[in-house]
Amino acid sequence: MADTVLVVEDEKEIRELLRRYLERAGFTVLTTGSGAHALSVVADGTAALVVLDLGLPDVDGIEVLRAARESGRTPVVVLTARGEVEDRIRGLELGADDYVTKPFSPTELVLRVQAVLHRVNSAAPPGPVSFGQGRLLLDEERREARWDGELLELTPTEWGILAAVASVPGRVYSRYELINRVRGYEFEGYERTIDSHVKNLRHKLGPGGPDVVRTVIGVGYRLGLSRDP
């Protein structure tokens, strides 16, 4: 069954353009220009991914982004005219999985949607793996992480970063490597993007977060725990 993509965009011409390109790529597409309608679709879990314009007329797109994050792991690709770096970082810090600024190439946007969904849907080997004498537990089949027995509510990108550094504990991953492993390609501003996601990931891990995902100054990040036998 084709993945369903929800396009939330108040400009009808852009909505229809994205519908055509996404349907041509094999997706089922729902469209709306209303943030309120988007909130209801996100709540019922219909969409596998949301393409979201932040500048909506009725509900701030940030509220839709927060709802998508709170509803589970529905990935979000933000589409907006807000091109300032701080606006991009804010959206990413709130859990967006990618960020496309208008004007944009619809072909590139489709590729980004495919990359995000490929990461989310990729088959993974079964069985949880533990680190740090059982403190961190990663279950790639379920795409779940637990810290001291508590389930972490991670965005797809946060999960991808944690799974990447845990794949070879102790190995240092540059920001360039992480953005390509997690997103599937490089894009401008990747260093600050990764830093924002790592900051959120550490916050969810609690006070010991910086010791779990450690900074290697001038290089990148590594897992600060050993894999359990």
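Refer to the structure above for everything that follows.
So, how was this worked out
Residues numbered from 1 in each chain as written. Predicted model: local features only at pLDDT ≥ 70, side-chain atom pairs only at ≥ 80, totals over all residues. Heavy atoms only, no water. Salt bridge = Lys/Arg side-chain N within 4 Å of Asp/Glu carboxyl O. Helix = DSSP H or I, 4+ residues; strand = E, 2+ residues; numbered from the N terminus. Buried < 20%, exposed > 50% of the residue type's maximum accessible area, 1.4 Å probe, protein only. Arc of directions from axis to C-beta. Polar contact = N/O pair within 3.5 Å; in protein donor to acceptor, adjacent residues only side chain to side chain. Contact = heavy atoms within 4.5 Å.

Asker: I would appreciate a short explanation of the pattern of salt bridges in the present structure.
Answerer: Once the charged atoms of two side chains with opposite charge are near each other, the side chains can pair. Scanning the model with the defined rule gives 13 salt bridges in all. Between Arg69 and Asp97 there is a salt bridge; the shortest N-O distance is 3.6 Å. With Arg69 in helix H3 (residues 61-70) and Asp97 in the loop between helix H4 (85-93) and strand S5 (98-101), this residue pair connects regions lying 28 residues apart in the sequence. Overall, Arg69 belongs to the buried group, its relative accessible area being 14%.

Asker: Is there a simple way to explain helix H2 (residues 35-44) in this structure?
Answerer: Think of an α-helix as turning once every 3.6 residues; residues three or four places apart then point the same way. Those residues of H2 not exposed but buried are Gly35, Ala38, Val41 and Val42. Buried residues in H2, looked at end-on, bunch into an arc of 115°, giving them a common side. Set apart from the buried face of H2 by more than 90 degrees, the exposed residues are Ala43 and Asp44. Its side-chain oxygen at 3.2 Å from the backbone nitrogen of Ala36, Ser34 defines the N-terminal cap of H2. Gly45 occupies a position one or two residues after H2 and carries a positive phi of about 75°.

Asker: Whenever I open this one, the side chain of Asp139 confuses me. Can you help?
Answerer: With respect to the secondary-structure elements, Asp139 resides in strand S7 (residues 136-139). Once residues lying within four places of it in the same chain are set aside, the contact partners of Asp139 are Gly127, Pro128, Glu144 and Trp159.

Keep in mind these numbers describe shape, not what the thing actually does.
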